[in-house]
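# Coordinates in review
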Amino acid sequence: MNPRIYLLWICLFGMGATVSAQNTGTISGQVNGNGQALENASITLHLQRDSSLVKAAVSNKEGHFSFDQIRLGKYLVRVQMVGFRALYSEAIDLSSANNNANLGILHLQTAAQSLGEVTVNSRRPFLEMKADKMVVNVDASPSNAGNTALEVLEKAPGVTVDRDGNISLKGKQGVTVLIDGRQTYMSGEDLANYLRGMNANQLDQVEVMTNPPARFDASGNSGVINIRTKKNKVRGFNGNVNVNYGQGVYAKTSAGTNLNYRVNKLNIFGNYNYSYREAYQQFNILRHFINPHTKVITGTFDQQANLPDSRDMHSGKIGIDYTFSSRTTAALTFNAANNKLAFNSASKSVLTDGNGSLQSITYAMSRMRPAVSNISSNFNLRHQFDSAGRELSFDADFIRFKNKHKQQFDNYLTDGSGNPMGKADSLTGYLPSGFDVYAAKIDYTHPLSGKAKLETGAKISIVDSDNDVRFDSIINGNRVPDLNRSNHFLYKENVYAGYINFNTPLSGKWSLQAGLRYEYTRATGNQLTTGQSFENKYGKLFPTLYLSYEMDENNQFSANFGRRITRPQYRNLNPFIFILDRYTFQKGNPGLQPQFSNNIELSHTFRKFLTTTINYSETNGVLAEVIEQNETTRETYLIPRNIASRKQYGIMFNIYKPLNKWLTVIGNINLYNNRFKGIITDSLVDISSNTGNFYASVQGKFGKGWDAEINGFYNTGGVEGVTVNKSMGSINFAISKNVLKNQGKITLNYRDPFKLQYFRGVTRYATVDATMNNRWENSILNITFNYRFGKAFKTNKRSSGSAAEEQSRIGG
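On a predicted model such as this, the values are computed, not experimentally measured, just so you know. (Residues numbered from 1 in each chain as written. Predicted model: local features only at pLDDT ≥ 70, side-chain atom pairs only at ≥ 80, totals over all residues. Heavy atoms only, no water.)

## Brief notes about the overall build of the protein chain
Within the protein chain, the secondary structure is distributed over three helices and 47 strands. Compactness check: the protein chain gives a C-alpha radius of gyration of 28 Å against a globular reference of 28 Å for 812 residues, within 12% of the reference. Principal-axis analysis of the C-alpha atoms gives the protein chain an extent of 90 × 65 × 45 Å. Long-range pairs, those at least 24 residues apart, make up 66% of the contacts in the protein chain with a sequence separation of at least 6. Measuring between centres, the 90 positive side-chain charges of the protein chain sit 6 Å from its 64 negative side-chain charges. (Helix = DSSP H or I, 4+ residues; strand = E, 2+ residues; numbered from the N terminus. Rg over C-alpha atoms; globule rule 2.2 N^0.38 Å. Contact = heavy atoms within 4.5 Å. Lys, Arg positive; Asp, Glu negative; His and termini not counted. Charge placed at Lys NZ, Arg CZ, Asp CG, Glu CD.)

So this is what it looks like as structure tokens:
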């Protein structure tokens, strides 16, 4: 075809589409009930302002319906079918910028499962695949009842959680975790402890994005996980309450309430949750000390430790939404959490020489008492300039994180015959740390002709950190300041960002989204104790590209590319030494640089039940904690370094298939190869592994409000950084029953009754040879009761806020 004719055809087509969009639009969807398409369902279209009838239709054999040539405006769709409760859609705004509204699948509830006089949301499926993310609906899995938020993440397809609570996505660490779209500003141990303190009853959805668009922060090499908590969104006064009791070796309890009051233009909402959990761990590590020249084993360190712990957490939220007009809304939200932790450790460490002769035994007791508080606030303002979709939003956030950490170490050293070697030594520490975060962002959306859309925005975040570590030795019963172990570290980081994102259909089957984000970082650190300081400045571009093709109703294809960054945890930049036990220490590294990755994915969805994704990524400057040993003193140091490059390729299959009206099968298979290559302590390290992560769930609905589920996962051995992990798995059972006229639910959940989930791993390179085994209390029987009240008419969408990337980087 002549290029000029082709260009003229595109212009004429675009003009025609624009003219059509200015006058009329289309509303379509699909009706589903009990896992099957519903034919001959009655569909009516109503004006939103007065519910007057506009048009009527019935669904076809596949459950599809469509209202064509509908005048622009705001509508509601009502669906009715004999044997099912009537369903109302959310408000639909047909405009010249969005004149084709596809409501997706509308799931009808059977009449016997109605929750109130009017129902707009039936039970959602466990897994939903969307264009830019995968959504896990937490309540759709009965086995989630009574679990922690971290345990819920563990069951999300493609997500794995290691023994320390570090989260990986598709076999790659460096995940940014958001809660309600905002950063937690925590990572490492603090994030794991926070998620262990959250109960699954607080969670609504888990959104997994491997390549987020440019409007999101570029942080997180492997992607973003957004945990959405439950919010009441209905008129009048309504809410829900929940209580849980779990029994493993120790008891676990939790309770919470979620309340909402909406009248006219005002909406007030809040929640409170409490949890108390006791648990334990058993940790064994065997280290061989190797002469760097002869490669002969010169000694062995064999440590066995028991680590009981407890967590006492209170959290709450209060907020207000106000609608000034049909186009302007504002929201103000406050969050607070207080987590009192108690970690105890009793260990025995046996030192032998190269011939296996016993040299000494160290008995150690440690007591750590972190008291963590986290408060945050968000202000959001949204204004729509017109009905075409032109919108401006502004967010401002403040977050304060405090950890008043106290600890005490007592060590008793004996020789091979059990005779004391010197006096017992005791050390006490007070390790307060804190972060203040200030963040603001502005976003603007501008619709273009032909359903195209342009988005742009800017963000600034400021992080101030203060860590003042003080140790005292106990000598002859007297407390003496230990200046060699005390330190005071200040850190400040400013990040300035801007982005532009363009989204447009290329034809009836093709669509394109392209974005570019720029982030400039300036970081300074000041070690007041030693006089060390550093400054790091860098600016980087982060492009994203998405291309999708809908071949037909049964086949959809997509491809995406994105560049991501993972910045070092704040604490890891502190050059001072932190004590773990008599022989094990952690040391920061002010020379750490961010790691960067380029990620490519190709996906195919078949009949909306099978999604296949092929992925490839390259990461430079991989951040990982390495082991460095002193052969003479037998001391071991854990030091974060930019150790290597990583290349990964893999394939993942997601399956969600209702077999009939009462049985649904869910499956996820993630197969990948990780290869790490780099220089560590002057030695070349080249480690690779083929790994498989498997997840399966069978959910049954047996009528009269009875549900049941069996699920489990199995991870083959794999490699992460310099550690090779062995296989691990779990099987879980759950059964639930609706009670109190379907407004309450009782769930019984048994997690890992066969005790299959435990960690085994080895680290071998240069002069390092370590074998680790870790078991924890994972076999738990939970009983949960939920009760909800109120009708279901949704309120305005709330903003996710501006504080996104920074909160994921507070270390433990």
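## A closer look at the pattern of salt bridges
Any two side chains of opposite charge can pair if their charged atoms end up close together. Tallying each qualifying case throughout the model produces 24 salt bridges. Taking the shortest distance from any N to any O, the salt bridge between aspartate 769 and arginine 764 comes out at 3.0 Å. With a relative accessible area of 14%, aspartate 769 lands in the buried category. Three or more residues joined by partner-sharing salt bridges are found here, namely Asp217, Lys459, Arg517, Glu519 and Arg567. (Salt bridge = Lys/Arg side-chain N within 4 Å of Asp/Glu carboxyl O. Buried < 20%, exposed > 50% of the residue type's maximum accessible area, 1.4 Å probe, protein only.)

## Thoughts on the sheet that holds strand β18 (residues 223-229)
Taken together, the six strands give an open sheet; going across it, the order is β10-β11-β17-β18-β15-β16, and neighbouring strands pair in mixed fashion. The open sheet is flanked by β10 (127-129) and β16 (182-183), the only strands paired with a single partner. Bridge count for β10 against strand β11 (residues 134-137) is three bridges, and the pairing is antiparallel. What sits directly across from glutamate 128, in β11, is valine 135. (Pairing = 2+ DSSP bridges.)

## Here we look at the pairing of strand β38 (residues 663-680)
Summarising the sheet, strand β37 (residues 636-658) and β38 pair through 15 bridges and their orientation is antiparallel. Bridged to lysine 647 within β38 is arginine 675. Between β37 and β38, which follow one another and run antiparallel, lie four residues. In this sheet, strand β39 (residues 683-701) lies alongside β38 in antiparallel orientation, the contact comprising 18 bridges.

## A few points about the pairing of strand β45 (residues 759-765)
Within β45, five of the seven residues are buried, leaving the element largely enclosed by the surrounding structure. Alignment of strand β42 (residues 723-725) against β45, held across two bridges, turns out to be antiparallel. The partner of valine 724 across the bridge, within β45, is valine 762. Across seven bridges, β45 lies against strand β46 (residues 768-776) in antiparallel orientation. Residue pairing across strands places glycine 761 opposite methionine 772, the latter belonging to β46. Between β45 and β46, which pair antiparallel one after the other, the connecting turn spans two residues, and alanine 766 there sits at a positive phi close to 50°.

## Section: a negative patch on the surface
On the surface, a cluster of negative charge is contributed by Glu39, Glu62, Glu550, Asp552 and Glu553. Along the chain, the position of glutamate 62 falls in the loop between β4 (53-58) and β5 (64-71). (Patch = residues over 30% accessible without salt bridge, like charges linked within 9 Å, V, L, I, M, F, W, Y side chains within 5 Å. Areas by Shrake-Rupley, 256 points an atom, 1.4 Å probe, with all protein chains shown as cover.)

## Digging into the environment of alanine 330
Here alanine 330 is to be found in strand β23 (residues 328-353). By relative accessible area, alanine 330 is classed as buried at 14%. Taking C-alpha positions, alanine 330 is 6.3 Å from arginine 382, a pair spaced 52 residues apart along the chain. Residue contacts for alanine 330: discarding those within four places in its chain leaves Ile320, Asp321, Tyr322, Phe324, Phe379, Asn380 and Leu381.

## Considerations on the sheet that holds strand β14 (residues 172-173)
Strand order in the open sheet formed by three strands is β12-β13-β14, and the pairing between neighbours is antiparallel. Only two strands of the sheet have a single neighbouring strand rather than two, namely β12 (159-161) and β14. Alignment of β12 against strand β13 (residues 167-169), held across three bridges, turns out to be antiparallel. Paired with threonine 160 across the bridge in β13 is serine 168.

## Details of the nonpolar core
Ranked by internal contacts, the top residues of the largest apolar core, which has 48 residues, are Ile167 and Leu195. In this structure, isoleucine 167 is in contact with Leu150, Leu153, Val159, Thr160, Val161, Lys172, Gln173, Gly174, Val175, Val177, Leu195 and Ile225, ignoring residues within four places of it in sequence. Counting residues in hydrophobic clusters, the runner-up holds 20 residues, among them Val31, Leu38, Ala101 and Leu106. (Core = buried A, V, L, I, M, F, W, Y, C linked by side-chain atoms within 4.5 Å.)

## Here's the deal with unusual backbone geometry
Here the phi dihedral of asparagine 264 falls at roughly 50°; this positive angle occurs in a residue that is not glycine. Position of asparagine 264 relative to the elements: it lies in the loop between β20 (251-263) and β21 (266-290). In this model, arginine 634 sits at a positive phi of 65°, which is unusual for a non-glycine residue. Topologically, arginine 634 is positioned in the loop between β36 (610-629) and β37. Judged by relative accessible area, arginine 634 falls into the buried class, the value being 11%.

## Thoughts on the packing of aromatic side chains
Under the criterion given, the structure shown has 20 aromatic pairs. Seen in terms of ring centroids, phenylalanine 301 and tyrosine 583 are 5.5 Å apart; in terms of plane orientation they differ by 65°. Their pairing is edge-to-face. Linking phenylalanine 301 in strand β22 (residues 297-323) with tyrosine 583 in the loop between β33 (577-581) and β34 (584-587), this pair joins segments that are 282 residues apart in sequence. An identical accessibility class is assigned to phenylalanine 301 and tyrosine 583; each is buried. An aromatic cluster of three or more residues is present, and its members are Phe401, Phe435, Phe489, Tyr491, Phe534 and Tyr570. The lysine or arginine in question, lysine 657, covers the ring of phenylalanine 609, its NZ or CZ lying 5.0 Å from the ring centre. (Phe/Tyr/Trp six-rings, centres within 6.5 Å; stacked < 30°, edge-to-face > 60°. Lys NZ or Arg CZ within 6 Å of the ring centre and 35° of its normal.)

## A few points about the environment of serine 393
With respect to the helices and strands, the residue serine 393 is situated in strand β25 (residues 391-414). Excluding residues that lie within four positions of it along the chain, serine 393 makes contacts with Asn380, Leu381, Arg382, Lys441, Ile442 and Asp443.

## Some words on the confidence of the model for the protein chain
Counting all residues, the mean pLDDT for the protein chain is 85, and 91% of those residues have values of 70 or more. For the protein chain, helix α1 (residues 3-21) is the element with the lowest average pLDDT, namely 37, and strand β30 (residues 510-527) is the one with the highest, namely 95. Counted against residues more than four places away or in other chains, residues 792-798, with its pLDDT under 50, gives 25 contacts. (pLDDT = per-residue confidence, 0-100.)

## Focus: the environment of asparagine 670
Relative to the elements of secondary structure, asparagine 670 occurs in strand β38. Considered as a pair, asparagine 670 and glycine 248 are 422 residues apart in the sequence and their alpha carbons are 31 Å apart. Look past the residues within four positions of asparagine 670 in its chain and what remains in contact with it is Lys170, Gly171, Ile651, Met652, Thr691, Gly692 and Asn693.

## Comments concerning the side chain of arginine 287
Summarising the element assignment, arginine 287 is placed in strand β21. Within polar-contact distance, the side chain of arginine 287 engages the side chain of threonine 584 at 3.3 Å. Residues contacting arginine 287, with those up to four places away along its chain left out, are Gly299, Thr300, Phe301, Thr584, Gln629, Thr636, Asp769 and Ala770. (Polar contact = N/O pair within 3.5 Å; in protein donor to acceptor, adjacent residues only side chain to side chain.)

## Re the side chain of asparagine 487
Here asparagine 487 lies in strand β29 (residues 487-505). Only 3.3 Å separates the side chain of asparagine 487 from the side chain of glutamine 527, close enough to count as a polar contact. A distance of 3.2 Å separates polar atoms of two side chains, one belonging to asparagine 487 and the other to asparagine 574.

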